[in-house]
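Descriptive analysis of the structure
What follows is the residue order along each chain.
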Amino acid sequence: MDTFTSALPALASAWELILQPLVLGYLVLGVLMGLAVGVFPGLGGIAGLSLLLPFMFGMDPVLGLALMIGMVAVVPTSDTFASVLMGIPGSSASQATVLDGFPMAKNGEAARALSAAFASSLFGGLVGAAFLTVFILVARPIVLAFGLPEMLMITLFGLSMVAVLAGRMPLKGLAAAGLGIMIGTIGEADAGGNLRMATYDIPYLTDGLKLVIVGLGIFAIPEIVSLLRQDRSISREASLGAGWMTGVKDWASNIFLSMRCSIIGVVVGVIPGLGGSVVDWIAYGHSVQTTRDKSKFGKGEVRGVIGPESSNNAKEGGGLVPTLLFGIPGSGSMAIFIGAIALLGSGDIEVGPSMLKNNLDITYSIVWLLALANVVGTIVCIAASGGIAKLTTIRFTYLAPFLFMLISFAAFQSGQNFEDLLALCGIGLIGIFLRRFDWSRPAFLIGFVLSNPVEKFSNQAFQISSIRFRKSFGEGMEYLFSPIVIVLIIITVISVVLGIRQAKAIMAEGEMKSGSKRAPLVFLLLVSAYLLVAVIDASRIPNINMTDKIVPLVVGSFSLLCCLILLVKMIRAPEGDSIFADKELGGEDADASHSLWSTLAWFGLLVGLTAVVGFILALVVFLVAFLRVRADASWNKTLLLSVCGIAFMCLMAWALNRDFPPGLLQSYADLPWPLT
């Protein structure tokens, strides 16, 4: 009670600090900047905060915090636009929103999906701010109680969502998740530094693949290519359907789901290192598990939007707990946030226990700014959702070249290498075939996202537990099976059992027809071949570095077993069985007016020209050729749209201080920006 009483003056002082016109003005500016950054796929809060860093030197602490919190709080809201309208995850925190938000847009319910998402985001943000208020006082012992075994179990709980997202073919889902984990292990191992499926002759692979590239490749490329092949608008009926008020009503009728997912977001956000790339999948799995009629998920179920969006914003409040209490960044954006705070004022503000002791009023200013930023951002988004949703009524052939442009730029920013574009093409092909043959793309992405945490936490927990077991068996068991771990094990087992039972009503990639054995069988053999090569590669790592090989060996062998069982089933099953699902045999892809490879060739043209003459010059040729030939636009419209696209790209790169992918030409000629 004394703790709360002593905090009351700081709470009042925090309100006095932020309820000033100038502070509120900076907050609104940060919100608007966050909205602008979040709309562009793949950039997210890290790019936005990086943009603000140069302006933080010596800035008044409260003003600087208002600017940063405005941006941090709103990016998870504004990235919903790309997820719903275009089927492109705006960031790692909005991947699950694509599963039902994008089908709603295609069904003419874009405004409804957006407003439901924004209302959920607002509620989640406020829940996160409320929990942060209390956690600042009481969360320290809770956070400290999470050791390596507890964090490993949280990660495994995230993997358990594969059970419900795998769909009617659990083996395909498990194999897809295993494939994602194995691709996530490419590069140098964290523990011993041994290479897995990589070589120093190709330095790019030693660092592994970036989440931005994998997220865009698995979801964005397949959906863009599919819509482009059909040559129509995103929304079939070219109408917005129900307005934003309907989405708000949807949220109100599912407020308890929103509340539960917000709490999930806060809890996962508190744990450093997990962050948004995990929480939306856990929330989505919970949404599916708690819904009676599961047949609509993946086809436009509004609960599939409300759950993840509620958790996304709530996790920002949770993520600030370890950041403010211990100076431990809960995510990449929080790491930049910590660095930016050190630049404010005279540099005497330091996150951690000293901030709670000496600057409690500023600490609570962050809490109230977080709440206000969510309110302001949501109001702006809901007001703009009707107009922005009209993008779904535009013929997609006019949108596709600019989406290719944006995702190429976003992919390049992840590593600043031309190989980023090649990796995007490769992962995009995997995404296309996973979608075609009814292999769960969410399961693949969950596997990739959690590959590093699974390996890191399991290796570290094994090393520490080995020391404890040497002392005594009881001490080792006590370390591994704490009360928190036991509770998490029970929750995970229940999640898997319920998920397997409920997944039978879910189609991982929507309804599709089944046909001949050949194409699905060839894809299965290719996946099996990669897994086999990866397992053999891991087995060659010396036993002295067992920690570098154990996870790839175990996961790869298990995934190979799943593929082997699938192979036997495919050989024994008659043609037309659901195991041979193929989107090219029925539905949108089968009725498409353009072939897959001719459509992919346009993206290949952009990447190929970039390798020769650099991104901007390649973009000029690509936009003119695409709009004139593929979109059949007039010369006036072609030139106007091309100039607008190039100008927009240059403006965004200049504002964010970003480079463009270079080509061979840049190695031999000294060109001015933006051609360099």
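Going by the structure above, here's the rest.
Quick summary incoming for the structure in this document.

Topic: the packing of aromatic side chains
- Tallied over the full model, the rule gives 12 aromatic pairs.
- With a centroid separation of 5.3 Å and an interplanar angle of 85 degrees, the aromatic rings of Trp-439 and Phe-523 are classed as edge-to-face. Here Trp-439, found in the loop between helix H21 (419–436) and helix H22 (441–471), pairs with Phe-523, found in helix H25 (residues 518–539); they are 84 residues apart in sequence, far enough to count as distant.
- Take Phe-523: its relative accessible area is 9%, and that puts it in the buried class.
- Aromatic side chains Phe-622 and Phe-626 sit 5.7 Å apart centroid to centroid with 45 degrees between the ring planes, which places their arrangement in the tilted category. Of this pair, Phe-622 and Phe-626 are both found in helix H28 (residues 615–630), 4 residues apart, which corresponds to roughly one turn of the helix.
- Judged by its relative accessible area of 0%, Phe-626 falls in the buried class.
- By the ring-pair criterion, three or more aromatic residues cluster together here, those being Phe-404, Trp-602, Phe-603, Phe-622 and Phe-626.

Considering the side chain of Thr-206
- Structurally, Thr-206 is set in helix H11 (residues 203–206).
- For Thr-206, a relative accessible area of 11% corresponds to the buried category.
- Residues within four places of Thr-206 in sequence aside, it is in contact with Gly-187, Glu-188, Leu-195, Ala-198, Thr-199 and Tyr-200.

Some points on helix H27 (residues 596–613)
- Between its terminal C-alpha atoms H27 stretches 26 Å, which fits the 26 Å expected from 18 residues at 1.5 Å a residue.
- Helix geometry: H27 is bent most strongly at Phe-603, by close to 25 degrees.
- Among the residues making up H27, those that are buried are Leu-596, Thr-599, Leu-600, Trp-602, Phe-603, Leu-606, Val-607 and Thr-610.

Side note on the pattern of salt bridges
- This model, assessed by the stated rule, comprises 2 salt bridges.
- Here Arg-112 and Asp-250 are joined by a salt bridge, their closest N and O atoms 2.5 Å apart. With Arg-112 in helix H7 (residues 110–144) and Asp-250 in helix H13 (residues 244–253), the pair connects residues that are 138 residues apart, well separated along the chain. For the pair formed by Arg-112 and Asp-250, the shared burial category is buried.
- The residue Arg-196 makes a salt bridge to Glu-455 at a minimum N-O spacing of 2.8 Å. With Arg-196 in strand S2 (residues 195–196) and Glu-455 in helix H22, this residue pair connects regions lying 259 residues apart in the sequence.

Let's talk about the nonpolar core
- Counting 162 residues, the largest nonpolar core has Leu-65, Phe-404, Trp-439, Leu-619 and Met-649 as the members making the most contacts within it.
- Counting residues per element, this core draws most heavily on H7, at 13 residues.
- When we break this core down by domain, the ones giving at least three residues each are domain 1 (2–560) and domain 2 (596–668).
- Contacts of Leu-619, omitting those with residues within four sequence positions, involve Met-405, Leu-606, Ile-646 and Met-649.

Overview of a nonpolar patch on the surface
- A surface patch of nonpolar side chains, amounting to about 570 Å² of accessible area, comprises Phe-473, Met-477, Phe-481, Ile-486, Ile-490 and Ile-494.
- Those elements giving two or more residues to the nonpolar patch turn out to be helix H23 (473–480) and helix H24 (483–502).
- Here the nonpolar patch gets 3 residues from one element, more than from any other, and that element is H24.
- Tracing the backbone through its elements, the reader meets Met-477 in helix H23.

Quick notes on the rules
Residues numbered from 1 in each chain as written. Predicted model: local features only at pLDDT ≥ 70, side-chain atom pairs only at ≥ 80, totals over all residues. Heavy atoms only, no water. Phe/Tyr/Trp six-rings, centres within 6.5 Å; stacked < 30°, edge-to-face > 60°. Helix = DSSP H or I, 4+ residues; strand = E, 2+ residues; numbered from the N terminus. Buried < 20%, exposed > 50% of the residue type's maximum accessible area, 1.4 Å probe, protein only. Contact = heavy atoms within 4.5 Å. Expected span 1.5 Å × (residues − 1). Bend = angle between axes of the 7 residues up to and from the residue. Salt bridge = Lys/Arg side-chain N within 4 Å of Asp/Glu carboxyl O. Core = buried A, V, L, I, M, F, W, Y, C linked by side-chain atoms within 4.5 Å. Domains from an automatic or database assignment. Patch = residues over 30% accessible without salt bridge, like charges linked within 9 Å, V, L, I, M, F, W, Y side chains within 5 Å. Areas by Shrake-Rupley, 256 points an atom, 1.4 Å probe, with all protein chains shown as cover.

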